[in-house]
Amino acid sequence: MDMEPYDIPPDEERPFATIPDVPHISENYAFYAYDFVKRTGFVAYVGRWVKNPRVWREQLFIYLPDGSMLAHIGIGQAADGQTPSGGAGRFRYDAEKRRWHIAFEGAMRHSTYAEYSREPIHQGRPQPVRFDAVFDSELPILMMPPANNTTFGNSHYEQMGTGVGTFDFGGKHHEFSGPGYRDHSRGPRQFGALEAHVWLQLFFPDAPAFSAYHVWVTQDGKAVQVLDKALSIRPDGFGPAA
């Protein structure tokens, strides 16, 4: 797939100023970064709630060096139209420095992967956590081909970068810095026909990064691929990959 770097206007980084009154409207942000040396990282999501797009659903997962994980999920209204938030998190875009700042102060569940894999997942004992991270990048932004009412949205862009941050938990102060990824999608989105998808990124110390995104949907009872994207990523642009 031939793709050109997207020169994104600052307004496209921010949430909808006015939510369009159209079926299946959505807007979602996703960030992750991982420090492979300290075995510490995070995944953070914030998106408009499908049952009420004026309300945001936020999720934060922090990966700890011992292999356990902290988790928070909340649904609430943002304090303003410029800062997506489900209540405890704040996702702020710095237009001057062209980077994102993610801050959180609230309660998180501390558990193991084995416990999270079983339903139902109970609240457990909430633990106080403070989290602060900056996602920055000098790598190009990839804009997906626009499409209406698809699984990947009619406006959807992605970018590799670096996440640097700290968090306080259990009387200890943690620091991390590592490669990561982010995306922002908005517009009508419908998952009813989703059959399968692959969303994959690979990072190499001395080579271009790799990204792949493949989506299949059900059409007339058959699985049809509607997105087929794979490319290498360098500071000066994108290259071929498979």
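Our subject is the structure that appears above.
Residues numbered from 1 in each chain as written. Predicted model: local features only at pLDDT ≥ 70, side-chain atom pairs only at ≥ 80, totals over all residues. Heavy atoms only, no water.

Colleague: Please explain the layout of surface pockets as it appears in this structure.
Modeller: Gaps left between atoms are located by rolling a probe of water-molecule size over the structure's atoms. The computed volume of the largest pocket comes to approximately 760 Å³. Along the walls of the largest pocket sit 27 residues, with Asn-28, Thr-151, Ser-185, Arg-189 and Phe-191 positioned nearest its centre. Looking at the lining of the largest pocket, the elements that each hand over two or more residues are strand E1 (25-35), strand E2 (40-49), strand E3 (52-63), strand E10 (172-188), strand E11 (194-202) and strand E12 (209-219). The residue inventory of the lining of the largest pocket, partitioned by class, reads 13 nonpolar, 10 polar and four charged. (1 Å grid on protein atoms, 1.4 Å probe; cavity = no way out; pocket = protein on both sides within 12 Å on 5 of 7 lines; lining within 4 Å. Points joined across faces, edges and corners; volume = space filled by probe spheres on them. Helix = DSSP H or I, 4+ residues; strand = E, 2+ residues; numbered from the N terminus. Nonpolar A, V, L, I, M, F, W, Y, C, P; charged D, E, K, R; others polar.)

Colleague: When you look at the pattern of salt bridges in this model, what are you seeing that I'm missing?
Modeller: Where charged atoms of side chains with opposite charge meet at close range, the side chains can pair. Across all of its chains, the model carries seven salt bridges by this definition. One salt bridge connects Arg-14 with Asp-11, and the closest N-O pair in it is separated by 3.3 Å. Overall, the relative accessible area of 57% leaves Asp-11 in the exposed class. Where Glu-27 meets Arg-186, a salt bridge forms, and the shortest distance between an N and an O atom there is 4.0 Å. Of this pair, Glu-27 sits in strand E1 while Arg-186 is found in strand E10, placing the two residues 159 residues apart along the sequence. The exposure class of Glu-27 is buried, given its relative accessible area of 0%. (Salt bridge = Lys/Arg side-chain N within 4 Å of Asp/Glu carboxyl O. Buried < 20%, exposed > 50% of the residue type's maximum accessible area, 1.4 Å probe, protein only.)

Colleague: Where do I start with the pairing of E2 in this structure?
Modeller: In the case of a regular strand, side chains alternate between the two sheet surfaces. Burial of E2 is extensive: eight of the 10 residues sit out of reach of the surface. Note that E1 and E2 share eight bridges and pair antiparallel. Each bridged residue has a counterpart across the sheet, and for Tyr-32 the counterpart in E2 is Val-43. Taken together, E1 and the strand that follows it, E2, pair antiparallel across an intervening segment of four residues, in which Arg-39 is found at a positive phi of about 55 degrees. Pairing of E2 with E3 involves nine bridges; the strand directions are antiparallel. Bridged to Ala-44 within E3 is Leu-60. Between E2 and E3, which pair antiparallel in sequence order, lie two residues. (Pairing = 2+ DSSP bridges.)

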